Amino acid sequence: MNILKKLFGGGDNSQHRDGSGMYFYVKLHRCNDVTKVRVDMNNDLSLNDEGSGYWVRKMVSNSNYKCAKAELSLYFDMNRKLQNSEVQGGQLVNREEFDQWTAAQQKT
């Protein structure tokens, strides 16, 4: 199990991986909608100005007009391991919260 934690960056539930993608879950302000965001670790990342790591910025929205858009900024080291995250207009939540929100939407 420790090998898996090392491969996937620890036991943090705010993101998970598939192949070359890493998923994040953002709860948008002004509503309770949770949106899944995929970052392609091979194509979406840009080298930072110092050349010491990578970063990506994603705009997050959904079809609910009541929700405000959010801006997700992620910062990675040279090994593409997540170092920091910032969300304007929302907040990062874990996968369980996304799954609960999705299940609740299917009931209505």
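Here the structure is a predicted model, which means the values were calculated and not measured.

S.K.: Would you take a moment to explain the pairing of strand 2 (residues 21-28) for this structure?
M.R.: Sheet faces and side chains relate simply in a regular strand, where the side chains alternate between the two faces. For strand 2, the buried fraction is high: seven of the eight residues fall into the buried class. Across seven bridges, strand 2 lies against strand 3 (residues 34-40) in antiparallel orientation. The residue of strand 3 that forms the bridge with Tyr25 is Lys36. In sequence, strand 2 turns back onto strand 3 through a hairpin of five residues, with Arg30 there showing a positive phi of about 70°. With four bridges connecting them, strand 2 and strand 8 (residues 90-93) associate as antiparallel partners. Bridging from a neighbouring strand, Leu28 pairs with Gly90 of strand 8.

S.K.: Help me understand the sheet that holds strand 4 (residues 46-47) in this model?
M.R.: Sheet strands pair by backbone hydrogen bonding; their relative direction is either parallel or antiparallel. Taken in spatial order, the four strands of this open sheet run 4-5-6-7, and their pairing is antiparallel. Whereas interior strands pair on both sides, the edge strands pair on one side only; in this sheet they are strand 4 and strand 7 (82-88).

S.K.: Any chance you could explain the pairing of strand 6 (residues 70-77) here in plain terms?
M.R.: Summarising the sheet, strand 5 (residues 53-60) and strand 6 pair through eight bridges and their orientation is antiparallel. Bridge pairing in strand 6 places Val56 opposite Leu74. With six bridges connecting them, strand 6 and strand 7 associate as antiparallel partners. By the bridge assignment for strand 7, Ser73 is matched with Glu86. Connecting strand 6 to the next strand, strand 7, in antiparallel fashion are four residues, including Arg80 with a positive phi near 65°.

S.K.: What's the story with the environment of Val60 in this structure? I'm lost.
M.R.: As for its position among the elements, Val60 is in strand 5. Residues Val60 and Ala70 lie 10 residues apart in sequence; the distance between their C-alpha atoms is 5.0 Å. Not counting chain neighbours up to four residues away, the residues in contact with Val60 comprise Val26, Leu28, Thr35, Val37, Lys69, Ala70 and Leu72.

S.K.: Can you help me understand the confidence of the model for the protein chain in this one?
M.R.: Atomic detail in the predicted coordinates should be set aside for any region of low pLDDT. Per-chain confidence: the protein chain averages 86 in pLDDT, with 85% of residues scoring 70 or above. Of the regions scoring below 50 in pLDDT, residues 1-11 engages in four contacts with residues more than four places distant in sequence or in other chains.

S.K.: Explain the packing of aromatic side chains here, please?
M.R.: Two aromatic rings, taken as a pair, are described by how far apart their centres are and by the angle between their planes. All told, the structure shown has one aromatic pair when counted by the stated rule. The ring centre of Tyr23 lies 5.1 Å from the NZ or CZ of Lys36, which sits over that ring. Here the basic side chain of Arg80 rests over the ring of Tyr54, its NZ or CZ set 4.5 Å away from the ring centre.

What counts and what doesn't
Residues numbered from 1 in each chain as written. Predicted model: local features only at pLDDT ≥ 70, side-chain atom pairs only at ≥ 80, totals over all residues. Heavy atoms only, no water. Buried < 20%, exposed > 50% of the residue type's maximum accessible area, 1.4 Å probe, protein only. Helix = DSSP H or I, 4+ residues; strand = E, 2+ residues; numbered from the N terminus. Pairing = 2+ DSSP bridges. Contact = heavy atoms within 4.5 Å. pLDDT = per-residue confidence, 0-100. Phe/Tyr/Trp six-rings, centres within 6.5 Å; stacked < 30°, edge-to-face > 60°. Lys NZ or Arg CZ within 6 Å of the ring centre and 35° of its normal.

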